[in-house]
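# Inside the fold
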Amino acid sequence: MPFMIPRIAPDVAHLVSGFRALSILVETPGVTHPEVGAAALARACKAVQAGEAPWAQAHLSAWDEVFKSFGAKPQRTPCSAQALRKRVLRDGVMPSIDPVVDLYNAVSIEYAIPVGGENLAAYEGEPRLVIADGSERFDTIKEGLPAQERPEPGEVVWRDDRGVTCRRWNWRQGVRTRLSVECGQMWFILESLPSMPLAALHQAGDRLIEGLLQMMPQARIERTLIGEPGGA
């Protein structure tokens with residue numbers, strides 16, 4: 001398994017005090033139990049409708065403030081966890097996308113935490129969280145066709161040596177590194193702020209790893225805590 005620790009640029013660390021995340025690397029010969037993803041997603045949707053952790057709303061509100069700090073408008077482009085949970089609370093369900101995507105979306109919904117999943121084999125260089133200057137390119141789809149965008153100057157983005165892989169911190173992932181069940185090298189990033197207890201961040205990581213091992217029992221998995229570990 002390739003060793004990789006994502007990097008956080010100093011100006012991003014100064015922008016948001018207390019940011020921490022779990023980086024989870026996966027190498028797998030293949031998925032043998034794809035049904036695990038849809039089952040996890042259904043359970044998460046029911047769990048959110050039944051109630052939520054006492055820190056959940058505070059954590060999502062904290063992400064709103066973070067987005068505002070670099071010029072984003074969370075009402076229009078919310079963090080990924082906020083968007084997923086709003087849809088579940090409105091519709092009661094979340095449509096299945098892909099077994100692996102369903103699994104990490106389930107963790108995001110249940111724990112009110114942005115979770116990204118990426119095809120690590122498509123990366124050029126290591127992932128890094130930076131403030132964009134506006135010259136970077138972002139591969140996406142518009143009106144059903146491949147297209148490119150550029151982030152706003154000052155926008156917080158994940159990127160590699162080739163370009164942006166996720167805009168507005170965790171709002172929208174790009175096409176080039178999109179994860180699917182066919183990928184053999186996977187990278188997941190679970191991102192939290194101090195209003196989410198550190199123990200809950202680790203529980204979310206445990207839940208994701210548990211599901212991955214049920215889905216692909218022969219997978220090799222490594223996890224690393226990055227950022228500032230402070231918090232309850």
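Here we summarise the structure given alongside this text. (Residues numbered from 1 in each chain as written. Predicted model: local features only at pLDDT ≥ 70, side-chain atom pairs only at ≥ 80, totals over all residues. Heavy atoms only, no water.)

### So, the sheet that holds strand β2 (residues 20-27)
As a reminder, the rule being used: Should DSSP find at least two bridges between two strands, the strands are regarded as paired. Numbering of helices and strands starts at the N terminus; helices are DSSP runs of H or I of at least 4 residues and strands are runs of E of at least 2. Every axis in this analysis is a line fitted to C-alpha atoms, fitted for helices over the stretch in contact. Angles between the N-to-C directions lie between 0 and 180 degrees.
Strand order in the open sheet made by the four strands is β3-β10-β2-β11, with antiparallel pairing throughout. Whereas interior strands pair on both sides, the edge strands pair on one side only; in this sheet they are β3 (115-119) and β11 (220-227). Direction aside, the axes of adjacent strands within the sheet are offset by 15 degrees on average. Where β3 lies against strand β10 (residues 185-192), five bridges are found, and the strand directions are antiparallel. The residue bridging Glu118 from the neighbouring strand is Trp187, located in β10.

### Considerations on helix α4 (residues 80-91)
Applicable threshold: Given a helix with a known number of residues, its expected span is that number minus one, times 1.5 Å. Note on classification: 1.4 Å probe, protein chains only; a residue is buried when its accessible area is under 20% of the maximum for its type, exposed when over 50%, partly exposed between these limits. Two residues qualify as a contact provided that any one of their heavy atoms is within 4.5 Å of a heavy atom in the partner residue.
Taking 1.5 Å per residue, 12 residues should reach 16 Å; α4 reaches 17 Å between its end C-alpha atoms and fits that length. Inspection of α4 places Ser80, Ala81, Gln82, Leu84, Arg85 and Val88 among the buried residues, and these make up the whole buried set. Its buried side turned inward, α4 meets α2 (35-50), α3 (56-69), α5 (99-111) and β3. Positive phi appears at Gly92, one or two residues downstream of α4, with a value of about 85 degrees.

### Examining α2
Our working definition: When we speak of the arc, we mean the arc of directions from the helix axis to the C-beta atoms.
For α2, which comprises 16 residues, the first-to-last C-alpha distance of 23 Å matches the rise-based estimate of 22 Å (1.5 Å per residue) to within 8%. Taken as a whole, α2 has its buried residues at Val36, Gly37, Ala40, Leu41, Ala44, Cys45 and Val48. Along the long axis of α2, the arc covered by the buried residues comes to 165 degrees, so they all point the same way. Every exposed residue of α2 that faces more than 90 degrees away from the buried side is listed here: Arg43, Lys46 and Ala50.

### What about the packing of α3 against α4?
Condition: Between 65 and 115 degrees an angle is taken as roughly perpendicular, under 35 as roughly parallel, over 145 as roughly antiparallel, and anywhere else as oblique. Take the far helix as the reference: if the near one is turned anticlockwise from it by less than a right angle, the crossing is left-handed, and if turned clockwise, right-handed. Residue classes follow a fixed rule: Ala, Val, Leu, Ile, Met, Phe, Trp, Tyr, Cys and Pro count as nonpolar, while Asp, Glu, Lys and Arg count as charged, and any other residue, Gly among them, counts as polar.
Where α3 contacts α4, the two axes come as close as 9 Å, and the packing angle between them is 130 degrees. By the angle between their axes, α3 is oblique relative to α4. In this structure, α3 meets α4 at a crossing whose hand is left-handed. Residues Ala56, Gln57, Leu60 and Asp64 of α3 form the contact with α4, whose participating residues are Ala81, Gln82 and Arg85. For the contact of α3 with α4, the residue count by class is three nonpolar, two polar and two charged.

### Points about the nonpolar core
Let me state the cut-off plainly: We call a set of buried Ala, Val, Leu, Ile, Met, Phe, Trp, Tyr and Cys residues a nonpolar core when their side-chain atoms join them within 4.5 Å.
Core analysis: the largest hydrophobic core is formed by 72 residues, its most contacted members being Trp169, Phe188, Leu190 and Leu208. Residues in contact with Leu208, not counting those within four places in the same chain, are Ile24, Leu103, Tyr104, Val107, Phe188 and Leu190.

Nothing here speaks to function; it is all geometry.
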